[in-house]
Protein chains: 2
Amino acid sequence: MATIEDVARRAGLSRTTVSRVINEHPYVSITKKKKVMEAMEELGYVPNSAARSLRNQRTGVIAVLIPRVMNPFFSQLIETLEHAASESFHQLIICQTQYSAKKELTYLNLLKTKQVDGVILTSAENDWSVIEEYLDYGPIVLCNEFEERANVPMVFMDQKEAGYKATKHLIEMGHRKIAYCCGRYRSNVASAREEGFSKALAEAGLVFDERDAFREAITSEDGIDIFNSIRTRGSNRPTAIFTGSDEVAAGIVSEAARSNWSIPRDLAVTGFDNQVITELMNPRITTVEQPVCEMALKTMEVMMARIRLRQFTGREMHKFYMKLIIRESTKMQAELARIPY
Amino acid sequence: MATIEDVARRAGLSRTTVSRVINEHPYVSITKKKKVMEAMEELGYVPNSAARSLRNQRTGVIAVLIPRVMNPFFSQLIETLEHAASESFHQLIICQTQYSAKKELTYLNLLKTKQVDGVILTSAENDWSVIEEYLDYGPIVLCNEFEERANVPMVFMDQKEAGYKATKHLIEMGHRKIAYCCGRYRSNVASAREEGFSKALAEAGLVFDERDAFREAITSEDGIDIFNSIRTRGSNRPTAIFTGSDEVAAGIVSEAARSNWSIPRDLAVTGFDNQVITELMNPRITTVEQPVCEMALKTMEVMMARIRLRQFTGREMHKFYMKLIIRESTKMQAELARIPY
DNA sequence: CTGTTAGCGCGTTCAT
DNA sequence: ATGAACGCGCTAACAG
């Protein structure tokens, strides 16, 4: 491996001059600059990043913590985050917490060990008081996740509004008994959605039956189970279900078809995230679209600012809003056709 | 930030002793070891990884290059790879090439800059002759991708067999005119599948009509387009289609339902990868299952060996085999029911 | 404009 | 069993 020293010798100059060329410093004569470039070329020289990090006290790397890459919402987020990062000449490293608090801490340690300049947290597994301590070592930005007590930037969607509007839509479609379904219980995201759901119900004078709550639904298989538990229930079944995940919704729709239920007639279903699968199912699934790209861009913008200013603490809220996409899983085709566009 | 020096002072010992404790070196008395541990605890000391990398000439990080995290085949691969890496006390960094040759080179440069100890390549975008040069800087292991000329370890599935067996299944179901569909043209993976496809056709005395070839199909939307191009073709339509992607297959099945075609009666469809969606579509989709976990484990095992031995070149083939999963998109439900299990 | 020098934090001889 | 000293490769004063 060629080092900066080798390049300097070959060019007949000092390390400093070579370093200046690398870092596009002014005050280097054209001729010497050219000499250095040639030497670098000939030796196939590339700066050693560990040495640079050590010297500069920064790595140019940002960690994004997500639960799992297989979750399409998060992988879509990553797509945009990465693009934005490279625009700012930073690299992204993607860390999967697998919903494990311990793994999350392992990755937060990247800040301590100086392997990354900042951490983007999309779904906190640990209590905020635990996470907060890492702010001594670098900036943390919450994206998607939010936390009342947190003294850091937060970029998130109004989840309460999402729960509210989707549920209100179901009510407008004539449903009076609506089931609720979300992923892990203790997430702020889930509880905000539930608030919105309850608010819509309350406004319509409806009651929320705890038997209609499913709070551990993540996969399409969970959706299948939920459908069957509804189907086999004798009387007093819900006629609609709000879900916090397109995959779960797809599982419900799929299993409903196999049981010869007609959707939305026998059961109306809403999903969440507007993933590809919602358009492939039959009927297509009504869903909540999140402004993922805008959120990702804002997140990176805020992160860059924090890194630049070395300002790790300080609350900052950036709220985004959803869009309800109405399809056949909640509205009869005939009704949809009547909508002018 | 506390450094090793701070810890040494606090413990009233030398840096060397502290370093020995950190690296679990023998020849440190119990008492002093305890003292060091205490000092580290009190100061919240964490070793600086840049300094360690610089000194040790290794980072403990491995890069995995994949086209996109949103592709479920690759994200599943990553799940297992990451698990295996952490078992070997290594970290994984996930790099998306976005099918861009230029981006791929950017990431291969991580080897040159010593940011990673090795690179796992799952889908090569550049010609092998270009990639080969990076072998001067660290080990490269091909996983999923393969390349006749490559002098590195390759872990892959027999794609030709997959194309052959899936196609043979369609022939056994009575089809005589079968369409072929794959992703990007110039991939070795795709061409091996096509070889198998052609072989099955040839054995049955069937001809491969170029009008039945679709070679740019990646997304479910591509599947929709393909279905419509088949549907609107007047006569001489294929009665079955082999695809190299479950998403494309799902697009076809979905659009077929909307056009009131009956699958598999009007068109039989096979997918690839056994993704969740194949079980959610109606009918469920026949597909090829790859031994993803086994391949990931072998890949990491081989990578660790190469890193340990500092042996970057040397061909090594690890071939794995597929499993055909037959469902209703190729076989009438009545027929499937007759299969004993 | 250019070179000399002094660390960044750590691990490892080589002494003792 | 412990410590002193060197250098991994790079950049930023400082001096010219």
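The preceding data block contains the structure.
An account of the accompanying structure is given in this report. Just so it is clear, the model here is predicted, and its values are computed rather than measured.

Turning our attention to the pattern of salt bridges. Residues and elements named next belong to chain A. Under the definition given, this model contains 46 salt bridges over all chains. The partner of Arg 10 in a salt bridge is Glu 42, with the nearest N and O atoms 2.5 Å apart. Residue Arg 10 is found in helix H1 (residues 4–11), and its partner Glu 42 is found in helix H3 (residues 30–43); the two are separated by 32 residues along the sequence. The class for Glu 42 is partly exposed, based on a relative accessible area of 48%.

So, about the sheet that holds strand E1 (residues 61–66) of chain B. Residues and elements named next belong to chain B. Taken in spatial order, the 6 strands line up as E2-E1-E3-E4-E5-E11 in an open sheet, and their pairing is parallel. If you trace the sheet from one side to the other, it starts and ends with strand E2 (91–96) and strand E11 (316–320), each paired once. Going across the sheet, the axis of each strand differs from the next one's by a mean of 20 degrees, ignoring polarity. The pairing of strand E4 (residues 140–143) with strand E5 (residues 153–157) spans 2 bridges and is classified as parallel. The partner of Leu 142 across the bridge, within E5, is Met 154.

Looking now at the interface of chain B and chain A. Across the contact, 49 residues belong to chain B and 49 residues belong to chain A. Summing the contributions of chain B and of chain A, the shared interface buries around 4,100 Å²; its carbon and sulfur component is 54%. Area buried by chain B at its contact with chain A is led by Glu 79, Arg 258 and Leu 280 of chain B, which between them contribute 16% of it. Counting the contacts that link chain B with chain A gives 2 salt bridges. Arg 68 of chain A is the partner of Glu 79 of chain B in a salt bridge, and the nearest nitrogen-oxygen pair spans 3.1 Å.

Further remarks concern the protein's contact with DNA strand D. Taken together, 27 residues lie near DNA strand D, and Ile 4, Tyr 45 and Arg 55 of chain A together with Tyr 27 and Lys 32 of chain B sit nearest. Within the side chain of Ser 19 of chain A, one N or O atom sits 3.1 Å away from a phosphate oxygen of DNA strand D. Within the contact set of DNA strand D, a phosphate oxygen lies 3.3 Å away from a side-chain nitrogen or oxygen of Asn 23 of chain A. When grouped by side-chain class, the residues that make up the surface near DNA strand D number 8 nonpolar, 11 polar and 8 charged.

Our next topic: the protein's contact with DNA strand C. In the vicinity of DNA strand C lie 26 residues, with Thr 16 and Lys 32 of chain A together with Ile 4, Tyr 45 and Arg 55 of chain B positioned nearest. Each atom of DNA strand C within 4 Å of the protein belongs either to a base or to sugar and phosphate, the latter forming 58%. In the environment of DNA strand C, a base oxygen lies 2.8 Å from a nitrogen or oxygen atom belonging to the side chain of Thr 16 of chain A. Within the backbone of Ser 29 of chain A, an N or O atom sits 2.8 Å from a phosphate oxygen of DNA strand C. Among the elements of the structure, helix H2 (15–22) and helix H4 (49–56) of chain A together with helix H2 (15–22) and helix H4 (49–56) of chain B are those that each provide at least two residues to the surface near DNA strand C. Class assignment of the residues belonging to the surface near DNA strand C gives a composition of 8 nonpolar, 11 polar and 7 charged.

Here the residue pair Asn 282 of chain A and Pro 283 of chain A is connected by a cis peptide bond, since its omega of 5 degrees sits within 30 degrees of zero. Relative to the helices and strands, Pro 283 of chain A resides in the loop between helix H12 (277–280) and strand E10 (287–289). The linkage connecting Ile 263 of chain B with the following residue, Pro 264 of chain B, adopts the cis geometry, with an omega of 10 degrees. Along the chain, Pro 264 of chain B falls in the loop between helix H11 (246–258) and strand E9 (268–270).

Definitions and limits used
- Residues numbered from 1 in each chain as written.
- Chains lettered and ligands numbered in written order.
- Predicted model: local features only at pLDDT ≥ 70, side-chain atom pairs only at ≥ 80, totals over all residues.
- Heavy atoms only, no water.
- Salt bridge = Lys/Arg side-chain N within 4 Å of Asp/Glu carboxyl O.
- Helix = DSSP H or I, 4+ residues; strand = E, 2+ residues; numbered from the N terminus.
- Buried < 20%, exposed > 50% of the residue type's maximum accessible area, 1.4 Å probe, protein only.
- Pairing = 2+ DSSP bridges.
- Axes fitted to C-alpha atoms, helices over the stretch in contact; angles between N-to-C directions.
- Contact = heavy atoms within 4.5 Å.
- Buried area = accessible area lost by both parts, 1.4 Å probe.
- Near = heavy atom within 4 Å.
- Polar contact = N/O pair within 3.5 Å; in protein donor to acceptor, adjacent residues only side chain to side chain.
- Nonpolar A, V, L, I, M, F, W, Y, C, P; charged D, E, K, R; others polar.

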